[in-house]
Amino acid sequence: MSDENNMNDYHLLFNNNNDDDDDCHCHDQPLILTKVPVVLAEVDVQIHLDALIKFPAPVLEIKDIKKSIKLTQCRLLLPTKKLFVKGFVRKNIQYASPCKNNIDYRKKNISSNLLSLTVDIPFQSVTEIKDFLAKPDIPHVNMRNEFDFLVSKHLPNGCQKNKELQTTDLSQFHQESTQFYNELPYCELISSNIIEWDEAIDRCPLPYHLGEGTFTKMEEKMVVDLIIKVLQKQQVQIFHSKAHEDKHDCDY
């Protein structure tokens, strides 16, 4: 019975050692270093606008307005948390303009032309990023260091003989300079939401037409919400593809 127990203990010890080797093989996987865009933050930027739009022709009625966002600048100023945003709201306004000398006051008819006006309304904003999803790489600071060499020179005539002057050579300049080429964070515009309120400020009624009138100036107020993703290329460690396969095998 003792020999049989010893054999069982031997097999159990052998199997446990194999399991330990498998665990080490699964968890000690090779890593590779790669450089990929890393999301630093997703920011909700709210901008308030107030603008005056002038039309080249009298406006009887606004038919449609289409809007889009054009970003011209989006810069995270490291090492601060300030995000500077500049751009335009592009507006295309379709409107009806009464035809000249073609208003029939007797039949109450107004003939109009369908015209279009496109304007760019500028905006700018500064927003602070409160919480980063990933830490940005802070720029390394450039350095410049000067250094000199000791030189010995004989003293000029009239001075004690066998004496030397030890100093630096003013006719030479020595410097070591180091410059870092840091990765600049950049932005991606994810979505935009615009709420606007437009009002004519110089509307004049048309005679003999109840409730009708024209205007050439319109004041608008807008609240613009932008979702902006801030990214930066960083070096990260990832598992090799074969290591993932081996890990899945070990899970089974």
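For every chain, the first residue of the written sequence is number 1, and numbering continues from 1 onward in sequence order. Predicted model: local features are reported for residues with pLDDT of at least 70 only, side-chain atom pairs are reported and counted for 80 or more only, and whole-chain, interface and lining totals are derived from all residues. Only hydrogens and water are removed before side-chain values are computed, so all heavy atoms of the structure are retained for them.

Visitor: Looking at this structure, I do not really get the overall build of the protein. What am I missing?
Guide: Of regular secondary structure, the protein possesses two helices and 11 strands. Working definition: helices are DSSP H or I runs of at least four residues, strands are E runs of at least two. Numbering for both runs from the N terminus. The secondary structure elements of the protein, listed N-terminal to C-terminal, are α-β-β-β-β-β-β-β-β-β-β-β-α. Think of it in three bands: residues with accessible area under 20% of the maximum for their type are buried, residues over 50% are exposed, and the middle band is partly exposed, with areas taken using a 1.4 Å probe on protein chains only. With 252 residues in all, the protein has 25% of them scored as buried. Every residue pair with non-hydrogen atoms within 4.5 Å of one another is taken to be in contact. Sequence separation of at least 24 residues holds for 77% of the intrachain contacts in the protein that already meet a minimum separation of 6. Carbon and sulfur atoms provide 50% of the accessible area of the protein, an area that totals close to 18600 Å². Here, Shrake-Rupley sampling with a 1.4 Å probe gives the accessible areas, and only protein chains in the shown set may cover a residue.

Visitor: What is the right way to read the confidence of the model for the protein from this model?
Guide: Should pLDDT be low for a region, the predicted coordinates there are not to be read in detail. By definition, pLDDT measures how confident the predictor is in each residue, and it falls between 0 and 100. Per-residue pLDDT for the protein averages 83, and the proportion of residues at 70 or more is 78%. Mean pLDDT across the elements of the protein bottoms out in helix H1 (residues 2-27) (49) and peaks in strand E9 (residues 186-200) (96). Scored below 50 in pLDDT, residues 10-14 shows zero contacts in the model against residues more than four places distant or in partner chains.

Visitor: Would you mind going over the nonpolar core with me for this structure?
Guide: One recurring pattern in soluble globular proteins: nonpolar side chains tend to sit buried together. If you look at the biggest cluster of nonpolar residues, it comprises 36 residues, and the most contacted ones within it are Phe55, Val89 and Val224. Among the secondary structure elements, those contributing two or more residues to this core are strand E1 (31-59), strand E2 (61-77), strand E3 (82-104), strand E4 (109-128) and strand E11 (213-239). Aside from chain neighbours lying at most four places away, what touches Val224 is Val45, Gln46, Ile47, Leu49, Ile69, Val89, Asn193 and Ile194. Buried residues of nine kinds, namely Ala, Val, Leu, Ile, Met, Phe, Trp, Tyr and Cys, make up a nonpolar core once their side-chain atoms join them within 4.5 Å.

Visitor: Please explain the pattern of salt bridges as it appears in this structure.
Guide: Pairs can form between side chains of opposite charge once their charged atoms are near each other. By convention in these notes, a salt bridge is any Lys or Arg side-chain nitrogen within 4 Å of a carboxyl oxygen on Asp or Glu. Using the criterion set out here, one finds 11 salt bridges in the structure. Between Lys91 and Glu196 there is a salt bridge whose closest N-O contact spans 2.6 Å. In this pair, Lys91 sits in strand E3 while Glu196 sits in strand E9, placing the two residues 105 residues apart along the sequence. On the basis of relative accessibility, which here comes to 0%, the residue Lys91 falls in the buried class. Residue Lys91 pairs with Asp198 through a salt bridge whose shortest N-O separation is 3.7 Å. Note that Lys91 is positioned in strand E3 and Asp198 in strand E9, a separation of 107 residues in sequence. Sharing partners across several salt bridges, the network here consists of Lys67, Lys91, Glu196, Asp198 and Glu220.

Visitor: Help me understand the packing of aromatic side chains, please; the structure alone is not making it clear to me.
Guide: Two rings belonging to Phe, Tyr or Trp (six-membered ring only in the last case) form a pair when the distance between their centres is within 6.5 Å. Interplanar angles under 30 degrees mark stacking, angles over 60 mark edge-to-face geometry, and anything in between is tilted. Inspection of the entire model under this criterion finds three aromatic pairs. For the ring pair Phe55 and Tyr95, a centre distance of 5.1 Å and an interplane angle of 70 degrees mean the geometry is edge-to-face. Of this pair, Phe55 sits in strand E1 while Tyr95 sits in strand E3, and the two are 40 residues apart along the sequence. For the pair shown, Phe55 and Tyr95 are each scored as buried. Geometrically, the ring pair formed by Phe55 and Phe215 is edge-to-face, given 6.0 Å between the ring centres and 85 degrees between the ring planes. Of this pair, Phe55 sits in strand E1 while Phe215 is found in strand E11, placing the two residues 160 residues apart along the sequence. A residue is classified by how much of its surface remains accessible, and Phe55, at 8% relative accessible area, is buried. Under the relative-accessibility criterion, Phe215 is labelled buried at 8%.

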